Amino acid sequence: MRQTKKHFFLKKRLLLPLLFCILLLLCSISILPFGIPVFEPAKKEPIKWVEFNVPYRVMEKAMELDIQTYETETHIDWVEVLSYLAAKYGGNFKRYKASDMDELVALLNEGEYTQHLAKKMNANLYQYYYKAYSAILGEFLGEYKVEVPKNKEENSDSDEPKEMVWKKKYGLKVFSPVAAGYYYSDFDDFGNGRTYGYARRHLGHDLMIGTGTPIICVESGIVEAMGWNQYGGWRIGIRSFDGVRYYYYAHLQKNHPYASNLYIGKAVTAGDVIGYSGQTGYSRKENTNNIDTPHLHYGLQLVFEESKKDSPTQIWINLYDITRLLSRHRADVIKVEDSKEFTRKYKFYELNSDENYKDELNPKQKDQAALTLSQSNVSENQIALPIIMYHGLLKDPALQNKFVIDPALFESDLEYLKKKGYTTMFLSDLIQCVKNGTPFPKKPIILTFDDGYYNNYLYAFPLLKKNNMKAVISIIGRYTDQYSEKDSNQPSYSHITWDQINEMIDSGCIEIQNHTYDMHTYNSGRKGSLRKNGESIEAYGVALDTDIGYLQKHIKEKTGTKPNTFTYPFGFHSKNSEEFLKGLGFEATLTCREKINYISTKKRNPDELYQLNRILRGPNLSSEDFFQKYGIE
């Protein structure tokens, strides 16, 4: 009897923990309608809080690096740099040293990538800062076009109409909230106390400014709020197109707060005049000046969860240093004749990448473009053409970087593209489609390999044959000659030989293009194939003919086929180089600008084949994540 009772209590003691575990298990699963339990994946929590304290001088240096390296193989992403430093310092930029950024940039130039370096430090912290800083700064830099006088002398005070042209730029495409030519003063007032109505923190930035100063839209977006607010007086709220940033402009001018064409739901472009400064607010009665000093209060709220937009847990950003950065890009304005209105002096365009527009979009078109927020710029008379840029394939993770990926990942890329119905093309195929009207395949894509490494032959070539797919290899002639004389097939550093090149060409899977004979270097005082400082046009032409022209003939002698496409070393290109390359018979050129190409299908335009964009394939994303990031699905 005692033994039975003892066994009963022993079982009871074991049963309680078991029941507790079962209860926890039930809490962590959901039951499908037909009764089968299935685990739900853990959901990523949105960011709850952000403190942005990156000093102006740090942002400026990172931004300049981004701009200077744009369209090159070693493009430095300023948001990645700032996020890495924030993770290194635990968010405390008082610890910043310029040498830390310099060391990071040196590693990136050697082929490292920021995410990999962050793993050695604190990957989770880096991911947090990258998400936070991308939400704040991610849309600040980009390509845009601005209308400017054709000739500098046309900036004179002459009353004669000025001939205007569109100029393409890459840089800050957001603007200071204060128009050019108007003075303001400010100090770091974020978080200071305010007592009107109730005790609270100041969650914006004040710019002391004269009444009636034109207020500029900082970032393109949609007007979400207008009207009177007890605390802000006449105010405007504008939401960025991606929905993440909400810009708030307050204390606008009595009797004339807004630009005449503004309304809720309107799409506005960065640099537009949206209103005029004043001192309204601190009153329940509309149109009242109860602010002592005329100033613009403007703020930036991050919206990671729409339900938190108007909650007590709102996320507002300190704009003091950002305002200093934006002061580098101020909108010129002019007065509209016979009115109190001002408007921007120069048209500005950044809603899509259409190269052929002549006039600014009308309001109806702008609104439609903004409200649809289409990720694709392709029209019914265009076809989207992604060109993917690979370099090396190696199995050793220690040797992988932003230019070297695992062969298994390349195989996964091919399987993804095949599954999604993409057709790989040669550049010769593309030229035939554009110049001779050959029909495009339904979903075209071009895969390119730069430099001509032996590992392309070892790993990529068999996988392409297996999947019956095509790729383009742009070779550096000097190295192909060098390794053709050696008995050295080392995956980590050797280059392909002429015998291997001919074998790949004969398979129908590989096309060979020109990447210079010996200009893939910085060492000669020349950046890739660019013109040297002080070099005459004649001497530059001779240099290109001696190097690139020689490789053209050399490839024809060795393979029987003359390349029709030139691949710019490091992506560096210029008007001078393009003119000479056309003279050497090249029908297309490849850059390192990371965008999708949109090729005309109705009115064929051979000029579209020059300076084609390519997307660098790094090792840090799965095939699905990488391709879907660029809308390749």
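Our subject is the structure listed above.
The rules behind these values
- Residues numbered from 1 in each chain as written.
- Predicted model: local features only at pLDDT ≥ 70, side-chain atom pairs only at ≥ 80, totals over all residues.
- Heavy atoms only, no water.
- Core = buried A, V, L, I, M, F, W, Y, C linked by side-chain atoms within 4.5 Å.
- Buried < 20%, exposed > 50% of the residue type's maximum accessible area, 1.4 Å probe, protein only.
- Helix = DSSP H or I, 4+ residues; strand = E, 2+ residues; numbered from the N terminus.
- Contact = heavy atoms within 4.5 Å.
- Axes fitted to C-alpha atoms, helices over the stretch in contact; angles between N-to-C directions.
- Parallel < 35°, antiparallel > 145°, perpendicular 65-115°, else oblique.
- Left-handed = near helix turned anticlockwise from the far one by under 90°.
- Nonpolar A, V, L, I, M, F, W, Y, C, P; charged D, E, K, R; others polar.
- Phe/Tyr/Trp six-rings, centres within 6.5 Å; stacked < 30°, edge-to-face > 60°.
- Lys NZ or Arg CZ within 6 Å of the ring centre and 35° of its normal.
- Expected span 1.5 Å × (residues − 1).
- Arc of directions from axis to C-beta.
- 1 Å grid on protein atoms, 1.4 Å probe; cavity = no way out; pocket = protein on both sides within 12 Å on 5 of 7 lines; lining within 4 Å.
- Points joined across faces, edges and corners; volume = space filled by probe spheres on them.

Asker: I tried to follow the nonpolar core on my own but got confused; where do I start?
Answerer: Taken as a class, soluble globular proteins show a tendency for nonpolar side chains to be buried jointly. In terms of nonpolar packing, the biggest core is built from 72 residues, with Trp 78, Tyr 133, Leu 137, Tyr 249 and Ile 322 touching the most fellow members. The element that contributes the greatest number of residues to this core is helix α3 (residues 78-89), accounting for 9 residues. Residues contacting Tyr 133, with those up to four places away along its chain left out, are Phe 52, Val 54, Val 79, Leu 82, Ser 83, Ala 86, Phe 93 and Gly 138. Formed by 40 residues, the second largest nonpolar core is a distinct cluster that contains Tyr 390, Ala 471, Leu 551 and Ile 615.

Asker: Help me understand the packing of helix α2 (residues 56-68) against α3, please; the structure alone is not making it clear to me.
Answerer: Two numbers describe a pair of packed helices, the interaxial angle and the distance between the axes. The interhelical angle for the contact between α2 and α3, taken along N-to-C directions, is 140 degrees, at an axis separation of 8 Å. As summarised for this structure, α2 and α3 are arranged oblique, according to the angle between their axes. You can see that α2 and α3 cross each other, and the crossing is right-handed. Counting all contacts with α2, which are made through Val 58, Met 59, Ala 62, Met 63 and Asp 66, the residues of α3 involved are Trp 78, Val 81, Leu 82 and Leu 85. Its residues placed into classes, the contact of α2 with α3 shows 8 nonpolar, no polar and 1 charged.

Asker: Could you clarify how one ought to interpret the packing of aromatic side chains in this entry?
Answerer: Aromatic ring pairs are defined here through the distance separating the ring centres and the angle between the ring planes. For the structure shown, the criterion picks out 28 aromatic pairs. Ring geometry for Phe 570 against Phe 572: centres 6.0 Å apart, planes inclined by 50 degrees, an arrangement best described as tilted. Grouping residues by exposure puts Phe 570 and Phe 572 together as buried. For the ring pair Phe 626 and Tyr 630, a centre distance of 5.7 Å and an interplane angle of 65 degrees mean the geometry is edge-to-face. What makes Phe 626 buried here is its relative accessible area of 4%. Residue Tyr 630 is classed as partly exposed on the basis of its relative accessible area of 22%. Taken together, the aromatic side chains of Phe 52, Tyr 128, Tyr 129 and Tyr 133 make up a single cluster linked through ring pairs. The ring of Tyr 483 has Lys 486 lying over it, and the distance from NZ or CZ to the ring centre is 4.9 Å.

Asker: Just to check I follow, could you spell out unusual backbone geometry for this structure?
Answerer: Excluding glycine, most residues fall at negative phi; most peptide bonds, likewise, are trans. The backbone phi angle of Tyr 282 is positive, close to 60 degrees, even though this residue is not glycine. Its location among the elements puts Tyr 282 in the loop between β14 (273-276) and β15 (295-302). For Gln 611, which is not glycine, the phi torsion reads 60 degrees and is therefore positive. Summarising the element assignment, Gln 611 is placed in the loop between β30 (597-600) and β31 (615-616). A relative accessible area of 24% places Gln 611 in the partly exposed class.

Asker: How should helix α4 (residues 98-109) be read in this particular structure?
Answerer: Note: α-helices contain 3.6 residues per turn, so residues at a spacing of three or four share the same orientation. Compared with the 16 Å implied by 1.5 Å per residue over 12 residues, the 17 Å span of α4 between its first and last C-alpha is a close match. The complete set of buried residues in α4 reads Asp 100, Met 101, Leu 104, Val 105 and Leu 108. Buried residues of α4 fall within an arc of 130 degrees about the axis and therefore sit on the same side. Where α4 is buried, its residues meet α2, α3 and α5 (114-119).

Asker: Looking at this model, I keep getting lost on the layout of surface pockets. Mind explaining?
Answerer: It is the rolling of a water-molecule-sized probe over the atoms that shows where space remains empty. Approximately 1300 Å³ is the volume attributed to the second largest pocket. Taken together, 47 residues make up the lining of the second largest pocket; nearest its centre are Arg 201, His 202, Leu 203, His 297 and Trp 316. Of all the secondary-structure elements, those providing two or more residues to the lining of the second largest pocket are β7 (200-201), β8 (205-209), β10 (221-229), β12 (245-250), β15, β16 (315-316) and α7 (320-326). Top element by residues in the lining of the second largest pocket is β15. It accounts for 3 residues. Looking at the lining of the second largest pocket residue by residue, the classes come out as 21 nonpolar, 14 polar and 12 charged.

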